[in-house]
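Here are the chains, one letter per residue:
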Amino acid sequence: MQGISFEERKMARFFGFWTLLIFIVLCLGCKRQTRHYVIGVSQCSADIWREKQNAELRMGTYFQDGVELRFAAAYDSDERQVEQIDSLVNIGIDLLIVAPNQVQTISPAIDRAYEQGIPVIVFERKTNSQKFTAFMSADNYEMGRQMGDYIGKRLGGRGQVLEVMGLKGSSPAIERHNGFADALKQYDGIKIVETLQGDWTEQTAYNIVREWKEKNEGERIDLVFGMNDRSATGARRAMMEMGDSAVLYCGIDGLPGENGGIRLVRDSILDASFIYPTYGDSLLQLAVDILDGKPYKKEVKMMSAMVTHDNARVLLIQTDETLRQVARLDELHEKVNSYMQQLHNQRTINWLTWGVVVLLVTVIILLYLYRTGKIMMRRERMVNTLWNLNAEDIQTSKGNGEQKSMEEAQTSLFVSRFKSVVEARLDDCNLSVEDLASDMNLSRVQLYRKVKAVTGASPVELLRAARLNKAYKLLLTTDKSVSEISYMVGFTAPSYFTKCFKEEYGVLPGDVRN
Ligand code: FRU
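Computed from a prediction, not measured in an experiment: that's the story for all the values here.

### As for the site of the ligand
- Surveying the vicinity of the ligand reveals 13 residues, the closest of which are Asp-47, Arg-50, Glu-124, Arg-125 and Asp-253.
- One of the side-chain nitrogen or oxygen atoms of Asp-47 is found 2.7 Å away from an oxygen atom of the ligand.
- For the ligand, whose free accessible area comes to 310 Å², the fraction covered by protein is 100%.
- Among the residues making up the shell around the ligand, the classes are represented as four nonpolar, two polar and seven charged.
- Counting contributing residues per domain, the shell around the ligand is built from domain 1 (37–137 + 282–302) and domain 2 (140–276), each supplying no fewer than three.

### Focus on the nonpolar core
- Within the largest apolar cluster, 45 residues are counted, with the highest numbers of intra-cluster contacts made by Ile-39, Ile-97, Ile-121, Met-147, Ile-151, Phe-225 and Cys-250.
- Among the elements that take part in this core, helix 10 (residues 280–292) stands out by supplying six residues, more than any other.
- Mapped onto the domain boundaries, this core takes at least three residues apiece from domain 1 (37–137 + 282–302) and domain 2 (140–276).
- Setting aside anything within four residues of it in sequence, one finds Cys-250 in contact with Met-147, Tyr-150, Ile-151, Leu-223, Val-224, Phe-225, Gly-226, Ala-232, Asp-271 and Ala-272.
- Within the second largest apolar cluster, 25 residues are counted, among which are Leu-162, Val-164, Ala-205 and Leu-315.

### As for the packing of aromatic side chains
- Counted under the stated rule, the structure contains 11 aromatic pairs.
- On the numbers, 4.3 Å between centres and 35 degrees between planes, the contact of Phe-180 with Phe-225 is tilted. Residue Phe-180 is found in helix 6 (residues 171–184), and its partner Phe-225 is found in strand 8 (residues 223–226); the two are separated by 45 residues along the sequence.
- By relative accessible area, which is 0% here, Phe-180 ends up buried.

### Points about the pattern of salt bridges
- Taken as a whole, this structure holds 30 salt bridges when the rule is applied.
- Between Glu-211 and Lys-215 there is a salt bridge whose closest N-O contact spans 3.7 Å. One end of the pair, Glu-211, and the other, Lys-215, are both in helix 7 (residues 202–215), four residues apart, so they sit about a helical turn from each other.
- Among the ionic pairs, Asp-428 bridges to Arg-425, the shortest N-O distance being 3.2 Å.
- By relative accessible area, which is 24% here, Arg-425 ends up partly exposed.
- One network of salt bridges, in which partners are shared, links Arg-425, Asp-428, Asp-435 and Asp-439.

### Thoughts on the environment of Met-240
- Examined against the element boundaries, Met-240 turns out to sit in helix 8 (residues 229–241).
- Given a relative accessible area of 38%, Met-240 falls into the partly exposed group.
- The spacing of Met-240 and Arg-210 is 30 residues in sequence and 9.7 Å in space, taken between C-alpha atoms.

### Considerations on unusual backbone geometry
- The backbone of Asp-76 shows a phi angle near 65 degrees, a positive value even though the residue is not glycine.
- Structurally, Asp-76 can be placed in the loop between strand 2 (67–73) and helix 3 (78–91).
- The backbone phi angle of Tyr-279 is positive, close to 45 degrees, even though this residue is not glycine.
- In this fold, Tyr-279 is placed in the loop between strand 10 (272–274) and helix 10.
- Residue classification places Tyr-279 among the partly exposed residues on the basis of a relative accessible area of 32%.

### What to know about a nonpolar patch on the surface
- Taken together, Phe-63, Leu-329, Leu-332, Val-336, Tyr-339, Met-340 and Leu-343 make up a surface patch of nonpolar side chains, about 670 Å² in accessible area.
- Its place among the elements puts Leu-343 in helix 11 (residues 309–388).

### With respect to the packing of helix 2 (residues 48–62) against helix 10
- Where helix 2 contacts helix 10, the two axes come as close as 7 Å, and the packing angle between them is 50 degrees. Classified by the interaxial angle, the pair formed by helix 2 and helix 10 is oblique. Read as a crossing pair, helix 2 and helix 10 show a hand that is right-handed. Taken together, the residues of helix 10 that come into contact with helix 2 (itself represented by Gln-53, Glu-56, Leu-57, Gly-60 and Thr-61) are Gly-280, Asp-281, Leu-283 and Leu-284.
- In the contact of helix 2 with helix 10, the residues fall into three nonpolar, four polar and two charged.

Calculation criteria
- Residues numbered from 1 in each chain as written.
- Predicted model: local features only at pLDDT ≥ 70, side-chain atom pairs only at ≥ 80, totals over all residues.
- Heavy atoms only, no water.
- Near = heavy atom within 4 Å.
- Polar contact = N/O pair within 3.5 Å; in protein donor to acceptor, adjacent residues only side chain to side chain.
- Areas by Shrake-Rupley, 256 points an atom, 1.4 Å probe, with all protein chains shown as cover.
- Nonpolar A, V, L, I, M, F, W, Y, C, P; charged D, E, K, R; others polar.
- Domains from an automatic or database assignment.
- Core = buried A, V, L, I, M, F, W, Y, C linked by side-chain atoms within 4.5 Å.
- Buried < 20%, exposed > 50% of the residue type's maximum accessible area, 1.4 Å probe, protein only.
- Helix = DSSP H or I, 4+ residues; strand = E, 2+ residues; numbered from the N terminus.
- Contact = heavy atoms within 4.5 Å.
- Phe/Tyr/Trp six-rings, centres within 6.5 Å; stacked < 30°, edge-to-face > 60°.
- Salt bridge = Lys/Arg side-chain N within 4 Å of Asp/Glu carboxyl O.
- Patch = residues over 30% accessible without salt bridge, like charges linked within 9 Å, V, L, I, M, F, W, Y side chains within 5 Å.
- Axes fitted to C-alpha atoms, helices over the stretch in contact; angles between N-to-C directions.
- Parallel < 35°, antiparallel > 145°, perpendicular 65-115°, else oblique.
- Left-handed = near helix turned anticlockwise from the far one by under 90°.

Quick look at the structure:
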């Protein structure tokens, strides 16, 4: 560190220390997030069943830090779902949860996601591809089979049944139908009069049943099996409007809540339903387990159960209670969220306040150091230039060699004269710059200019530095008291001397003596 004084080094060290401290404090203040997953959820439809599931998925994130969900609903359109999956992949999701609208049509988009290394959970509806990470669903065949068995018994083994299918190419429709048809094979007296092609919506079920009824006037129907509760209620509306009031209706989904299948069964609007579980929270847990690299099951089967007049009342009480708790949990989450937000804001304010305090302290310390350093350096410069430096060290103006050495000689002469004039009268407390100037045969202004040009300091500063420098030497080399020395170097009051000394050297005269 040549050319850098001790004081400058000290300042640099201090500055470095405080900058590092501020940096560490700010780093500690920054919130550290351990993980951040973006999970895309591609829903084939948008209806109360999907809404419930999405709400559960969202609730699942309350218990998982750093998980963000991106929802997309295709409203039963294959093209839209393909586009939505592609754009979810493009935004850079970490995992895809997908309920494919139909078995065939959505596979290419799912395959594309999977081939890009994005884990895929196929949920509830199947594809014809093996490119997925996990599959989660209830057993749709079994549900159809149990419903068929229930209907067989409910009709006492005899009767005419109308079946309203779900969307043709979707796996639950195919599997529910197969299970249903297989179960009814055991009941010779039961005939599936017609299997109508629906699409899971209430309106389509209404339209196709009405149309069928108009074409098949007089055909007796004892029971309509709609493949979901919405299809069953759509079919019921059509039948009732056509004056057919003695028919039974069965559906699937068995949702809780105001418009859910459980209430419809309790209120005898439907004869039976089947709980088709949504399990959004388990779905999210599976997704996070996959992303966390934890062990998981490739096929997860969800539990389901029949809803009939016998259990609908109890189920409704229980599910209503669950919904109430869920709503409270939601409320609690809102509260915790807003509390956390407040806490976060408060913490930010605290950090900022601390930041400002640390900054101010730093500035004050640096200013102090700078001032002390400057005083010390000035003192060093003055004393060095005048009392310790040789003529060669003193700056002279540039010029040719002869002219330069002439100037140097003159400057050297001037310096030695000035030194001897000052040293000769150091004990004179009344010594003024005018006195020095007249001793040097110069005007006050001439002396000032010359001294300033040669040393960079003013005559007054040099005089003071010389007095203190001498005092310093006397303190080290004599037994004289501080007061005596102060008078010897031309100070009128020892207290003022002590003050100036401390300013110059940063220590008290007594300390130097000790
Ligand atoms: C919801 C839904 C349910 C049905 C399931 C079949 O979108 O239509 O009503 O049980 O999908 O996948």
